[in-house]
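Fold and geometry: a report
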Amino acid sequence: MDFPPIIQEGQRLTIEPCAVVRFGDRVGMQIEGELVAEGVADRPIVFERAGAAAWDSLRVTETGHVRLAHASLRGGGALGNSRIDETGTLVLVGDPRSDQGLMPLASVQHVTIEDSASLGVLLSQNATFSDDSLELTVTGSGSAPLRLWQRAVSSVPSGLYTGNQDDEIAIEEEASATRRSWVRPPCTIAACPIT
């Protein structure tokens, strides 16, 4: 893809098992509706860069939802005008003014995010993973594997978060963008001491 597609609210895009989606330099996908990309173990779905430069992200807004299963996201997280800890290959953006509270914007099952130029995953505002999420691997990121608000910590799925530039999960204290705690994987998120 050489253009940034937008899945608008009320629309659904389904990507079939075995598909390979290639993004051009700094091109990504904005999901205001629903993206369903559910591969199977022997026929995974791959999102990757088309050339040498990183693609942008799968960016899910407060009205969107993404379901990824048996999928790999490789070589995303292009920096563009963002700092390295302000973008990622998978970006979930909630709405803190929502009456809904926490917003589960992504279901990930057996998903690998690798070689991101920035964060592997950024959960912003009150965005979370859904309860059915499991087995997320983030490796090779140019920054931390995850950055999220403190109240979203319990939604982080089981998985591996090592082999990144910074093998620490960045946790923001509620609405403050200035105070951070760091959790060092591998460990169970709920049992990790915050230093």
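From a predicted model like this one, the values you see are computed outputs, not experimental measurements.

Rules used throughout
Per-chain numbering applies: the sequence of each chain, read as written, is numbered from 1 onward. Per-residue local features of the predicted model are confined to residues with pLDDT of at least 70, and side-chain atom pairs are confined, for both listing and counting, to 80 or more; whole-chain, interface and lining totals are unaffected and use all residues. Hydrogens and water are ignored here; the side-chain numbers use all heavy atoms of the structure. Under the pairing criterion, centres of Phe, Tyr and Trp rings, with the six-membered ring standing for Trp, must be within 6.5 Å; the plane angle then separates stacked pairs below 30 degrees from edge-to-face pairs above 60, leaving the rest tilted. In this description a helix means any DSSP run of H or I spanning at least four residues, a strand means any run of E spanning at least two, and both kinds are numbered starting from the N terminus. Each residue gets one of three labels from its accessible area relative to the maximum for its type: buried under 20%, exposed over 50%, partly exposed in between, using a 1.4 Å probe on protein chains only. In this description, a nonpolar core means a group of buried Ala, Val, Leu, Ile, Met, Phe, Trp, Tyr and Cys residues linked to one another through side-chain atoms lying within 4.5 Å. Throughout, a contact is declared for two residues whenever any of their heavy atoms are within 4.5 Å. For two strands to pair, DSSP has to find at least two bridges joining them. For the purposes of these results, a polar contact is taken to be a pair of N or O atoms within 3.5 Å, where, inside protein, one atom must be able to donate a hydrogen and its partner to accept one; residues adjacent in sequence count only when each atom of the pair is a side-chain atom. Whenever a carboxyl oxygen of Asp or Glu lies within 4 Å of a side-chain nitrogen of Lys or Arg, that contact is scored as a salt bridge. Confidence scores here are pLDDT values: one per residue, from the predictor, ranging 0 to 100.

Topic: the packing of aromatic side chains
Counting across every chain of the model gives two aromatic pairs. Taking 6.4 Å as the distance between ring centres and 15 degrees as the angle between the ring planes, the aromatic pair formed by Phe-23 and Phe-47 counts as stacked. Within this pair, whereas Phe-23 is found in strand S3 (residues 20-23), its partner Phe-47 is found in strand S6 (residues 45-49), the two being separated by 24 residues in sequence. Judged on exposure class, the residue Phe-23 and its partner Phe-47 are both buried. Geometrically, the ring pair formed by Phe-23 and Trp-55 is stacked, given 4.5 Å between the ring centres and 20 degrees between the ring planes. Of this pair, Phe-23 sits in strand S3 while Trp-55 sits in the loop between S6 and strand S7 (58-60), placing them 32 residues apart in sequence. What makes Phe-23 buried here is its relative accessible area of 0%. According to the relative accessible area criterion, Trp-55 is buried, its value standing at 0%. Of the aromatic side chains, those joined through ring pairs into one cluster are Phe-23, Phe-47 and Trp-55.

A word on the nonpolar core
By size, the foremost hydrophobic cluster in this structure holds 40 residues, and its most contacted members are Leu-35, Phe-47, Leu-58, Leu-68, Val-121 and Leu-136. With six residues, strand S10 (residues 103-114) is the largest single contributor of residues to this core. In this view, Leu-68 contacts Ala-37, Phe-47, Leu-58, Leu-73, Ser-107, Val-108, Gln-109 and Val-111; residues no more than four positions away in its chain are not counted. Counting five residues, the second largest nonpolar core, distinct from the first, contains Val-91, Leu-119, Leu-122 and Ala-144.

Brief notes about the pairing of strand S11 (residues 119-124)
Looking along a regular strand, one sees side chains alternate from face to face of the sheet. Where burial is concerned, most of S11 is hidden: six out of the six residues are buried. One ladder, built from five bridges, connects strand S9 (residues 88-93) with S11; its direction is parallel. Of the residues in S11, the one forming a bridge with Gly-88 is Leu-119. The sheet contact formed by S11 and strand S14 (residues 146-149) spans two bridges and is parallel. Across the sheet, Leu-122 pairs through a bridge with Arg-147, a residue of S14.

Quick notes on the side chain of Glu-34
Note on placement: Glu-34 falls in strand S5 (residues 34-38). In this structure Glu-34 comes out as buried when scored by relative accessible area, which is 17%. A polar contact of 3.1 Å, which involves the side chain of Glu-34, links it to the side chain of Arg-67. The contacts of Glu-34, once residues within four sequence positions are left out, are Ile-7, Gln-11, Arg-12, Leu-13, His-65 and Arg-67.

Description of the pattern of salt bridges
By the definition in use, this model includes eight salt bridges. The partner of Arg-12 in a salt bridge is Glu-34, and the shortest N-O contact between them spans 3.0 Å. On the criterion of sequence distance, the pair formed by Arg-12 in strand S2 (residues 12-15) and Glu-34 in strand S5 is long-range, its members being 22 residues apart. A salt bridge links Glu-38 to Arg-67; the nearest nitrogen and oxygen atoms lie 3.4 Å apart. Of this pair, Glu-38 sits in strand S5 while Arg-67 sits in strand S8 (residues 65-74), and the two are 29 residues apart along the sequence.

What about the confidence of the model for the chain?
Summary statistics for the chain give a mean pLDDT of 88 and a share of 87% for residues scoring 70 or more. The element-level mean pLDDT for the chain is lowest in strand S17 (residues 180-183), coming to 50, with S8 highest at 98. Here residues 186-195 is modelled with pLDDT under 50, and outside its nearest four sequence neighbours on either side it reaches 13 contacts, counting other chains as well.

So, the environment of Leu-160
With respect to the secondary-structure elements, Leu-160 resides in strand S15 (residues 159-160). A relative accessible area of 51% means that Leu-160 is categorised as exposed. For Leu-160 and Pro-145, which are 15 residues apart along the polypeptide, the C-alpha to C-alpha distance reads 9.3 Å. The residues touching Leu-160, leaving out its near neighbours within four places in the chain, are Leu-136, Thr-137 and Val-138.

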